[in-house]
Amino acid sequence: MTQPLKAGWTLAVVCLAAVLLTLDITIVNVALPEIAGELSARLDGLQWAINGYTLAFAALLLISGSVSDRVGRRAIFTAGVVLFTAASAACGAAWSVNALVAFRIAQGVGGAMIMGTAMALIAGAYPAGRARQSAIGAFSAAGGAAAGLGPLFGGLLVDTLGWRWIFWVNVPVGLLVLAGALLRLREPARTAAAGRLDVLGALLAVAMLFALNYALIAGPDQGWGSPGVLAALAAGLVLLGAFAVTQARRPYAVLDVRLFRVPSFTGAVLLTFLARICSFGILPYLILWLQGMLGHSPLETGLRLLAMTLPILIVAPLAGRLGQKIPAARLLAGGFALIAVAFALMARVGPDSDWAVAFPGLVLLGVGGALAFPPLLGVTLDVVPRERAGMASGLSNTFFPLGTATGVAAFGAIFTARIDAALPGQAALVAGGRFDLVSGPDLEAARTAFTGALSATCLVAAAAGLAGVVISLLLIRARDIRPVPVTV
């Protein structure tokens, strides 16, 4: 079997795993009302069915990537597929909301093992250059397509077979990924990174990421001044300091901080965080507008969001090829510029607007994200040596859930503050999109307050997109786009 064919099998397996994970993340939200009815679940229980997965996923991404550099990426990836598939079957059989939350946490652990090694497997199968950029473009397109189809697929499953099938559908797909991993997945021999595991650093990383993500997730619901949120935030910052100190002193660290001496690596990490804030942090508020204010069903909302996700499917593979003709800094700057323009266009929303006012912005948001993500992932891998690919992949992916949680929290604070200032009497109902519970005389004021808050949030997101342009041009440098030797 030729090397290109072996690499193609690796890409196919990793892309299918990306589809599996992304579908699971996007599908669950559609089924929450049905889950609540059958399991007699309260709102906080439903939230933890989402948050439990997110916290486990975010906390273990970095350590999964770093451990895979030592024990083998194929082994960690395969173990993650087994755990995720088994946990999905258990989620579908859950007898209570507490059981569902426990099994969702197990899914998050398995998902972190898969995603923490996915990009490193691609880096091992494809050398830096055109082939790797094209592979990363295909990987991005697979994830984007799954994100777009998730709400549609989830709505169909819930309507026809019931909510349990949103988890059971993962089982045959997971078994297919497992078969591909066992039979076809290959990786290069481990190099200098293999060796002693930094147990203290791993524990600090998991605790730090758990605490920070918990604070960001719980803050909007419990209040930023609540004791639990403040304690989690303080603990996360203290653990972050301790983690940074230990990693700087250990040659076998979970995170080799010397990688941050490379400006392009630092820039790629910052841009990954910023891209997630822009692309996914504001999405819940757009959905509240489409469903709560405009009255679209989940399925109708999913169809309208295809305006954003279909361009990702089309443009992402092309962006991988463009990366060989256009410098990464310019391509990233162009992608973030389109993201900024997209949000500026969506900021035109008003109380009498329908979804068509958001259509141009959604399309540009999809195109901008598709242009930015493949070269961004490529830069992260191309500036580190092969033995650090798992570490780089885990770190980059860690900022996906962290960026989403930060974006949701930051945009949520702006969103609710604007509504509360304009309509303090019914702010909670309006911010939650419950226009059906707003009394008649206040309905127009509620619509005005809601769209005013959404417009302000979009303008902040546009500013974040412009910040991405600046970071791209200042930190992403062509001379860094090569393997950088790291002495271990």
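A quick note: this is a predicted structure, and the numbers were derived from the prediction, not measured.

Calculation notes
- Residues numbered from 1 in each chain as written.
- Predicted model: local features only at pLDDT ≥ 70, side-chain atom pairs only at ≥ 80, totals over all residues.
- Heavy atoms only, no water.
- Helix = DSSP H or I, 4+ residues; strand = E, 2+ residues; numbered from the N terminus.
- Buried < 20%, exposed > 50% of the residue type's maximum accessible area, 1.4 Å probe, protein only.
- Contact = heavy atoms within 4.5 Å.
- Areas by Shrake-Rupley, 256 points an atom, 1.4 Å probe, with all protein chains shown as cover.
- Core = buried A, V, L, I, M, F, W, Y, C linked by side-chain atoms within 4.5 Å.
- 1 Å grid on protein atoms, 1.4 Å probe; cavity = no way out; pocket = protein on both sides within 12 Å on 5 of 7 lines; lining within 4 Å.
- Points joined across faces, edges and corners; volume = space filled by probe spheres on them.
- Nonpolar A, V, L, I, M, F, W, Y, C, P; charged D, E, K, R; others polar.
- Axes fitted to C-alpha atoms, helices over the stretch in contact; angles between N-to-C directions.
- Parallel < 35°, antiparallel > 145°, perpendicular 65-115°, else oblique.
- Left-handed = near helix turned anticlockwise from the far one by under 90°.
- pLDDT = per-residue confidence, 0-100.
- Salt bridge = Lys/Arg side-chain N within 4 Å of Asp/Glu carboxyl O.
- Patch = residues over 30% accessible without salt bridge, like charges linked within 9 Å, V, L, I, M, F, W, Y side chains within 5 Å.

1. What to know about the overall build of the protein
Scanning the protein from N- to C-terminus turns up 17 helices and zero strands. Looking at the protein as a whole, 57% of its 488 residues qualify as buried. Relative to all contacts within the protein whose residues are 6 or more apart in sequence, the contacts with residues 24 or more apart total 83%. With an accessible surface of roughly 18900 Å², the protein has 70% of that area assigned to carbon and sulfur atoms.

2. Remarks on the nonpolar core
Core analysis: the largest hydrophobic core is formed by 77 residues, its most contacted members being Phe-265, Ile-282, Trp-289, Phe-343, Met-346, Leu-362 and Leu-454. If near-sequence neighbours (up to four positions away) are discounted, Trp-289 is found in contact with Leu-294, Val-349, Ser-353, Asp-354, Trp-355, Val-357, Ala-358, Phe-450, Thr-451 and Leu-454. Core analysis: the second largest hydrophobic core is formed by 41 residues, Val-13, Ile-63, Met-119 and Ala-142 among them.

3. Observations regarding the layout of surface pockets
In this structure, the second largest pocket encloses a volume near 390 Å³. For the lining of the second largest pocket, the secondary structure elements donating two or more residues are helix H8 (199-222), helix H9 (227-249) and helix H15 (389-422). Here the lining of the second largest pocket takes five residues from H9, the largest share from any one element. Looking at the lining of the second largest pocket, its residues break down into 17 nonpolar, one polar and no charged.

4. Here's the deal with the packing of helix H13 (residues 328-346) against helix H14 (residues 359-382)
Axes are the key here: two packed helices are described by the angle between their axes and the distance separating the axes. Where H13 meets H14, the axes come as close as 8 Å, and the angle between the chain directions of the two elements is 155°. Viewed along their axes, H13 and H14 adopt a mutual orientation that is roughly antiparallel. The hand of the H13/H14 crossing is left-handed. Its residues assigned to classes, the contact of H13 with H14 shows 21 nonpolar, four polar and no charged.

5. What to know about the environment of Ala-340
On the secondary structure map, Ala-340 appears in helix H13. Ala-340 gets classed as buried once you look at its relative accessible area, which sits at 5%. Spatially, the C-alpha atoms of Ala-340 and Ala-461 are 7.0 Å apart, while their sequence positions differ by 121 residues. In contact with Ala-340, not counting residues within four places along its chain, are Ala-462, Gly-465 and Leu-466.

6. What about the confidence of the model for the protein?
Looking at the protein as a whole, its pLDDT mean stands at 78, while 83% of the residues score no less than 70. Of the regions scoring below 50 in pLDDT, residues 483-488 engages in 16 contacts with residues more than four places distant in sequence or in other chains.

7. What about the side chain of Arg-276?
Positionally, Arg-276 belongs in helix H10 (residues 263-281). In contact with Arg-276, not counting residues within four places along its chain, are Gly-281, Phe-399, Phe-400, Gly-403 and Thr-404.

8. Description of the pattern of salt bridges
Applying the stated criterion to the full structure yields one salt bridge. Here Arg-164 makes a salt bridge to Glu-38, at a shortest N to O gap of 2.9 Å. With a gap of 126 residues between them, Arg-164 in the loop between helix H5 (130-160) and helix H6 (165-168) and Glu-38 in helix H1 (residues 3-39) connect regions that are remote in the sequence. Given the relative accessible area of 19%, Arg-164 is considered buried. Accessibility expressed as a relative area gives 46% for Glu-38, which makes it partly exposed.

9. Some points on a nonpolar patch on the surface
A grouping of Leu-310, Leu-313, Ile-314 and Leu-318 is seen on the molecular surface, where their side chains present a nonpolar patch of about 370 Å² in accessible area. Residue position: Leu-310 is located in helix H12 (residues 298-322). Given a relative accessible area of 44%, Leu-310 falls into the partly exposed group.

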